[in-house]
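Residue-level structural notes
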Amino acid sequence: MLLFRSEETVNQWCAAHNIPRRPLVNLQQLWQLAVHWYANRLTVESRRPAPDEMVLIFKSLDLTGPFWDPKSDQWR
Amino acid sequence: MPELDLDIQVKLAIYEITAETGSVPNSSQVSSKISIEEDEVLAAFRQLHAKRLLLPEPGDPHRIRMAPPFSGVPTRFPVEANCRLYYANCVWDAYGIAAALHCDAISRASDGHTGEPLTLEVKNGEPILKPYVAHFAVPAAHWWDDLIFT
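Everything numeric in this text was worked out from a predicted model, so none of it was measured. (Residues numbered from 1 in each chain as written. Chains lettered and ligands numbered in written order. Predicted model: local features only at pLDDT ≥ 70, side-chain atom pairs only at ≥ 80, totals over all residues. Heavy atoms only, no water.)

**Description of the interface of chain A and chain B**
Listed by partner, the interface residues are 47 residues for chain A and 57 residues for chain B. Buried surface at the junction of chain A and chain B, both sides included, amounts to about 4,700 Å², of which 68% is carbon and sulfur. The interface formed by chain A and chain B holds 1 salt bridge in total. With a shortest N-O distance of 2.6 Å, Glu116(B) and Arg5(A) are connected by a salt bridge. Applying the counting rule to chain A against chain B returns 19 residue pairs in polar contact (both at pLDDT 80 or more). At the level of elements, β1 (2-4), α1 (7-17), β2 (24-26), α2 (27-38) and α3 (51-60) of chain A are the ones that each hand at least two residues to the side of chain A that touches chain B. Examining the composition of the side of chain A that touches chain B, we find that 9 residues originate from one element, α2(A), more than from any other. Considering only residue class, the side of chain A that touches chain B consists of 30 nonpolar, 8 polar and 9 charged. One ladder, built from 3 bridges, connects β2(A) with strand β9 (residues 133-135) of chain B; its direction is antiparallel. For Leu24(A), the partnering residue across the bridge sits in β9(B) and is His135(B). (Contact = heavy atoms within 4.5 Å. Buried area = accessible area lost by both parts, 1.4 Å probe. Salt bridge = Lys/Arg side-chain N within 4 Å of Asp/Glu carboxyl O. Polar contact = N/O pair within 3.5 Å; in protein donor to acceptor, adjacent residues only side chain to side chain. Helix = DSSP H or I, 4+ residues; strand = E, 2+ residues; numbered from the N terminus. Nonpolar A, V, L, I, M, F, W, Y, C, P; charged D, E, K, R; others polar. Pairing = 2+ DSSP bridges.)

**Quick word on the pairing of strand β7 (residues 117-123) of chain B**
Residue and element names in this part refer to chain B. Of the two faces of β7, the one holding Leu118, Leu120 and Val122 is buried and the one holding Pro117, Thr119, Glu121 and Lys123 is not buried anywhere. Here strand β6 (residues 105-110) pairs with β7 via 6 bridges, running antiparallel. By the bridge assignment for β7, serine 107 is matched with leucine 120. Connecting the antiparallel pair β6 and β7 is a turn made up of 6 residues, with glycine 115 showing a positive phi of about 80 degrees. (Buried < 20%, exposed > 50% of the residue type's maximum accessible area, 1.4 Å probe, protein only.)

**Re the side chain of Asp93(B)**
Relative to the helices and strands, Asp93(B) is located in helix α4 (residues 91-101). Despite its burial, Asp93(B) pairs with no opposite charge, the nearest such side chain being Arg41(A) at 7.7 Å. At 3.0 Å, the side chain of Asp93(B) and the side chain of Asn89(B) are in polar contact. Look past the residues within four positions of Asp93(B) in its chain and what remains in contact with it is Tyr38(A), Pro68(B), Pro69(B) and Ala88(B). (Lys, Arg positive; Asp, Glu negative; His and termini not counted.)

**Focus on the environment of Arg84(B)**
Residue and element names in this part refer to chain B. Examined against the element boundaries, arginine 84 turns out to sit in strand β5 (residues 84-87). Considered as a pair, arginine 84 and proline 127 are 43 residues apart in the sequence and their alpha carbons are 19 Å apart. Contacts of arginine 84, omitting those with residues within four sequence positions, involve Ala19, Glu20, Thr21, Gly22 and Val79.

**Digging into the sheet that holds strand β3 (residues 70-71) of chain B**
Residue and element names in this part refer to chain B. Ordered in space as β1-β2-β3, the 3 strands form an open sheet in which the pairing is antiparallel. Each edge of the open sheet carries a strand with a single partner, namely β1 (55-57) and β3. Note that strand β2 (residues 60-67) and β3 share 2 bridges and pair antiparallel. Each bridged residue has a counterpart across the sheet, and for methionine 66 the counterpart in β3 is serine 71.

See the structure below:
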């Protein structure tokens, strides 16, 4: 997952590396993902979100569709 | 208080050492930290890998490549926090280090295509928002297929 100044440089990078353009996430969404994943990572009870929890987190951030479904087989 | 499972003790030791030093420890350092045999640490590394909480260095099970959000090797996402330098695995994890340590942080990162310096900053528990974007090249179902690429 890389950082880009703008959508324009994302498109240039995808073209240069022949990689399909995939979803973009803004910094507010990215921060919320980081908090959900890592806020308790240094504690005894920490664990990675389960697939169904991941879907709910993504949905709360308007990240929907099969790309964000950890159980999707559409991308195999 | 019941004694913690060994893999939890190892996980906590990994993160304590990393938070205190900026460097992700190897199995020997974890063994010394919590006074258990190194073979037991390696077994715990395997358990934590199975739980997707750790990625051993390919070809060297004694070393840790990723203890997300921390990287065991330098990356293009350095993070300055608590007067230490850490490395994140990706842009998500650059914010993740601030979230995990619950502190202000600055990541002097760069544009993935042009290399232009781009700074991410977290202050008082909130990101300093800019119009930058993160590109997720790999669908969620496949993030752990090749985590180093993801």
